[in-house]
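# Summary of the model geometry
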Amino acid sequence: MAAEKPVVAVTCTAPVNIAVIKYWGKRDEKLILPINSSLSVTLHQDQLKTTTTAAISRDFTEDRIWLNGREEDIGQPRLQACLKEIRRLACKRRSGSPEDPLPLSHSCKVHIASENNFPTAAGLASSAAGYACLAYTLARVYGVESDLSEVARRGSGSACRSLYGGFVEWQMGERADGKDSIARQVAPESHWPELRVLILVVSAGKKLTGSTVGMQTSVETSPLLRFRAEAVVPARMVEMARCVRERDFQAFGRLTMQDSNQFHATCLDTFPPISYLNDTSRRIIHLVHRFNALHGHTKVAYTFDAGPNAVIFTLDETVAEFVAAVRHSFPPESNGDKFLQGLPVEPALLSDELKAVLGVDPAPGGIKYIIATQVGPGPQVLDDPGARLLGPDGLPKPAA
Ligand code: DP6
């Protein structure tokens, strides 16, 4: 009989993704199956990532989870669905495999600790990175090698897109059991090296309507959402994949903005209506359109998820000028030195022409800070034992 190892621990990281063709609405609430396909860009983990350690041991008497240092309820249905699914896959694979390093490990209890390198309160999509990281880490610890879309998806729909780097589509699938509702890479992160992403953090407040409840109400009440899913998104998926393949920024940017606008239109069409954008979000939209109009073509594009923060796509050559335009329109209030985070951006002077075009009253403090980032890779395994979030006893390491 193989010797028992007290603890097997694995630590992984996973990225945030931002949809350019939005997922909004489920056809199956339990299996988390969407009413339309979606396509996203994976953001670089140097700026935004979740780190998760999972450890299994025969000595553990119950499953436990700690998020950002605080113990949370492992009984949450979505966490339970992920755990159940990974154990099912582990069982399936293990039956009859004599090389199992920890025999019957799928029956061991697990301890999980997870942390974000960005403030959860910033209102950025942390659940996608969180559940993708959970699925990826559990798969490593339980020795599962099959497609992890279902495991991540059962945590949060958009999480399955964070299982890959670069540009990723989540194919809605047709089957009732969801087996064909999977994420797939459209192009790797090296495909479009000039592409840049700026996250304009508008508000750190908690949102009024979460995406799960919001999309459920939209499915029940919005005829526009049904029209979007059936008649608009299929062609947009094809066109967006082409834009990415051909690195056609003009068309990519335009379609990204149109799809974000249509998603927010379906929110307004929901009854009672949902509004995620605020005055600052709308000012950003106008700023982008004025900036593009001055240049005579689409140099910058915005997209908004279920909150007021803007995510901006642009090319390397335009970042400095656009950041200067943002600073001009939204002068930083208190944290001038921390206003720009992430990738370095050269300072740029605005032309008088641009200043005149942007000539609306400035809105000091409207944008709290900017995170500059780029397209990045998918989940990674960290081999360095120092990166572990759980100690040898299986409990969270005290914060350094
Ligand atoms: C607006 O994936 O958070 O960000 O599946 O209920 O967990 P659940 O919803 P979630 O919804 C994301 C919605 C969105 C658009 C997108 O990311 O495609």
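Above this text you will find the structure in question.
Residues numbered from 1 in each chain as written. Predicted model: local features only at pLDDT ≥ 70, side-chain atom pairs only at ≥ 80, totals over all residues. Heavy atoms only, no water.

This part covers the pairing of strand β16 (residues 369–374). If a strand is regular, its side chains alternate between the two faces of the sheet. Of all 6 residues that make up β16, 5 are buried, and the element is covered over most of its length. One ladder, built from 6 bridges, connects strand β12 (residues 195–201) with β16; its direction is antiparallel. The residue of β16 that forms the bridge with Ile199 is Ile371. (Buried < 20%, exposed > 50% of the residue type's maximum accessible area, 1.4 Å probe, protein only. Helix = DSSP H or I, 4+ residues; strand = E, 2+ residues; numbered from the N terminus. Pairing = 2+ DSSP bridges.)

Before going further, it helps to examine the nonpolar core. When a protein is soluble and globular, its nonpolar side chains tend to lie buried together. Counting 48 residues, the largest nonpolar core has Trp24, Ile86, Val110, Leu138, Tyr142, Val144 and Leu148 as the members making the most contacts within it. By residue number, the principal contributor to this core is helix α2 (residues 126–142), which donates 10 residues. Counting residues in each nonpolar core, the second largest holds 34 residues, with Ile21, Val41, Leu48 and Val311 among its members. (Core = buried A, V, L, I, M, F, W, Y, C linked by side-chain atoms within 4.5 Å.)

Neighbouring the ligand are 17 residues, the closest being Tyr23, Lys26, Arg78, Ser156 and Ser158. A distance of 2.6 Å separates an oxygen atom of the ligand from a polar atom in the side chain of Tyr23. Between Thr212 and the ligand, the recorded distance is 2.8 Å, taken from a side-chain N or O atom to an oxygen atom. Protein contact buries 94% of the 460 Å² of open area that the ligand shows by itself. It is helix α4 (residues 211–221) that contributes the most residues to the shell around the ligand, 3 residues altogether. Split into classes, the residues belonging to the shell around the ligand amount to 7 nonpolar, 5 polar and 5 charged. (Near = heavy atom within 4 Å. Polar contact = N/O pair within 3.5 Å; in protein donor to acceptor, adjacent residues only side chain to side chain. Areas by Shrake-Rupley, 256 points an atom, 1.4 Å probe, with all protein chains shown as cover. Nonpolar A, V, L, I, M, F, W, Y, C, P; charged D, E, K, R; others polar.)

Turning to the sheet that holds strand β13 (residues 300–303), a few remarks are in order. Taking strand neighbours across the sheet as the criterion, the 5 strands line up as β13-β14-β12-β16-β15 in an open arrangement whose pairing is mixed. At either end of the open sheet lies a strand with only one pairing partner, and these are β13 and β15 (340–342). Shown here is a sheet whose adjacent strand axes are inclined to one another by a mean of 25 degrees, direction ignored. Each of β12, β13 and β14 (310–315) touches helix α6 (residues 249–269); the most contacted strand, β13, lies at about 25 degrees to it. Of the strands in this sheet, β12, β13, β14, β15 and β16 touch helix α8 (residues 319–329), which is tilted by about 15 degrees from β12. (Axes fitted to C-alpha atoms, helices over the stretch in contact; angles between N-to-C directions. Contact = heavy atoms within 4.5 Å.)

Time to look at the sheet that holds strand β10 (residues 167–170). Strand order in the open sheet made by the 4 strands is β2-β5-β10-β11, with antiparallel pairing throughout. Two strands bound the open sheet, and with one partner strand each, they are β2 (17–21) and β11 (183–187). Here the strands of the sheet are splayed against their neighbours by 35 degrees on average, with no regard to which way each runs. Looking at chain direction, β2 and strand β5 (residues 38–42) are connected through 4 bridges and run antiparallel. Paired with Ala19 across the two strands is Ser40, which belongs to β5. In the packing of helix α5 (residues 223–245) onto the sheet, the strands contacted are β2, β5, β10 and β11, and the crossing angle to β2 comes to about 110 degrees.

If you walk through the whole model with that rule in mind, you get 11 aromatic pairs. Judged by centre distance (4.7 Å) and plane angle (65 degrees), the ring pair of Tyr23 and Trp170 falls under edge-to-face. One end of the pair, Tyr23, is in the loop between β2 and β3 (26–28); the other, Trp170, is in strand β10, and 147 residues separate them in sequence. Each member of the pair Tyr23 and Trp170 is classed as buried. Cluster of aromatic residues (ring-pair linked, three or more members): Phe167, Trp192, Phe249, Phe252 and Phe313. (Phe/Tyr/Trp six-rings, centres within 6.5 Å; stacked < 30°, edge-to-face > 60°.)

Its place among the elements puts Leu83 in helix α1 (residues 77–94). The class for Leu83 is buried, based on a relative accessible area of 2%. Along the primary structure Leu83 and Leu67 are separated by 16 residues, whereas in three dimensions their C-alpha atoms are 16 Å apart. Those residues in contact with Leu83, other than ones at most four positions away along the chain, are Asp63, Ile74, Val110 and Leu138.

These values are about where atoms sit, not about what they do.
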